[in-house]
Amino acid sequence: QARTLFTHNILLIGFMGVGKSTVSSYLSKILASPYVEMDQEIVDKEGMSINKIFEEYGETYFRNCETNLLIELQKGNNQIISCGGGVAMRDENVAEMKKNGKVVLLTASPEVILERVKDSDERPLLRGHKNTEYISKLMEERRPKYEAAADVIVNTDHKRVEEIAEEIVVKL
Ligand code: S3P
């Protein structure tokens, strides 16, 4: 019988393609907690794709959508929140996460990430940059912020979702 283990939220952060959505969705099943995908919420609210939001309104607008949505979500409890890859880059967002949540950082090697994102057109930041050099560079730039935000860090390379989820629950 699945039961609720946490009252605060669990927020999954990390680079594009580390497996935040897959792991969040699985965690929500085993913990019987609602699952929220931030990217999808924004797409639904704005009525357009992430690419289109970037094209029409620019990145800052998208980042503000993320910040506003995070504040809304943090009013609820017990949710598994899959954050977009850039959400932890704003210190104010990280402060907001910490108010009512545990932050799980998922990591993966650039090679594994490339494999996972290479067929996706829905990542404006990787458009024309589908190579490990670019992914490594952006990942290294982001690493300090990701690590500073994390309560728990789990590498996902060559692991099944069940293993990753178990590691998270044990470490939390
Ligand atoms: C972004 C990651 C994407 C999406 C947007 C920007 C980023 O989410 O929010 O394309 O800045 O890392 P995923 O991490 O779910 O791909």
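Residues numbered from 1 in each chain as written. Predicted model: local features only at pLDDT ≥ 70, side-chain atom pairs only at ≥ 80, totals over all residues.

A.B. asks: Could you clarify how one ought to interpret the overall build of the chain in this entry?
C.D. replies: Helix and strand counts for the chain stand at 8 helices and 5 strands. The linear arrangement of helices and strands in the chain, starting from the amino end, is β-α-β-α-α-α-β-α-β-α-α-β-α. Taken over C-alpha atoms, the radius of gyration comes to 15 Å for the chain, in line with the 16 Å a tight globule of 172 residues would show. With the principal axes as the frame, the chain shows a C-alpha extent of 45 × 35 × 25 Å. Within the chain, counting contacts between residues at least 6 apart in sequence, those at least 24 apart form 77% of the total. (Helix = DSSP H or I, 4+ residues; strand = E, 2+ residues; numbered from the N terminus. Rg over C-alpha atoms; globule rule 2.2 N^0.38 Å. Contact = placed C-beta atoms within 7 Å.)

A.B. asks: Just checking my understanding: could you explain the UniProt feature "binding site: ATP" (unreviewed entry) in the chain for this structure?
C.D. replies: As annotated in UniProt, the feature "binding site: ATP" (unreviewed entry) corresponds to Gly17, Val18, Gly19, Lys20, Ser21, Thr22 and Arg123 in the numbering used here. Inspection of the secondary structure puts valine 18 in the loop between strand 1 (9-13) and helix 1 (20-30). Not counting chain neighbours up to four residues away, the residues in contact with valine 18 comprise Leu106, Thr107, Ala108, Ile113 and Thr156. Inspection of the secondary structure assignment puts serine 21 in helix 1. (UniProt positions renumbered as here; feature names shortened; annotations may be inferred.)

A.B. asks: Please explain the environment of glutamate 96 as it appears in this structure.
C.D. replies: When you line up the elements, glutamate 96 lands in helix 5 (residues 91-99). Overall, glutamate 96 belongs to the partly exposed group, with 18 C-beta atoms counted inside 10 Å. Note: C-alpha distance between glutamate 96 and isoleucine 71 (25 residues apart in sequence) is 6.8 Å. Here glutamate 96 is in contact with Leu70, Ile71 and Gln74, once residues within four sequence places are set aside. (Buried ≥ 20, exposed ≤ 12 C-beta atoms within 10 Å, placed from the backbone.)

A.B. asks: I keep staring at the UniProt feature "binding site: substrate" (unreviewed entry) in the chain and nothing clicks. Help me out?
C.D. replies: UniProt records the feature "binding site: substrate" (unreviewed entry) at Asp39, Arg63, Gly85 and Arg142, using the numbering of this structure. Residue placement: arginine 63 occurs in helix 4 (residues 59-73). Those residues in contact with arginine 63 that lie beyond four places of it in its chain are Gly86 and Arg90. Topologically, glycine 85 is positioned in the loop between strand 3 (80-82) and helix 5. In this structure glycine 85 comes out as buried when scored by C-beta crowding, with 22 C-beta atoms within 10 Å.

A.B. asks: I'm lost on the site of the ligand in this one. Help?
C.D. replies: Within the structure, the ligand sits among Met16, Lys20, Asp39, Ile50, Gly84, Gly85, Gly86, Arg123, Pro124 and Leu125. A class-by-class count of the residues in the shell around the ligand yields 4 nonpolar, 3 polar and 3 charged. (Near = placed C-beta within 6 Å. Nonpolar A, V, L, I, M, F, W, Y, C, P; charged D, E, K, R; others polar.)

A.B. asks: Help me out: how do you make sense of the nonpolar core in this one?
C.D. replies: Looking at soluble globular proteins, one finds that nonpolar side chains tend to be buried together. By size, the foremost hydrophobic cluster in this structure holds 41 residues, and its most contacted members are Leu11, Ile13, Ile81, Val104 and Ala149. Every element with two or more residues in this core is listed here: strand 1, helix 1, helix 4, strand 3, helix 5, strand 4 (101-107), helix 7 (132-149) and helix 8 (161-171). With 5 residues, helix 4 is the single largest residue contributor to this core. (Core = buried A, V, L, I, M, F, W, Y, C linked by C-beta atoms within 7 Å.)

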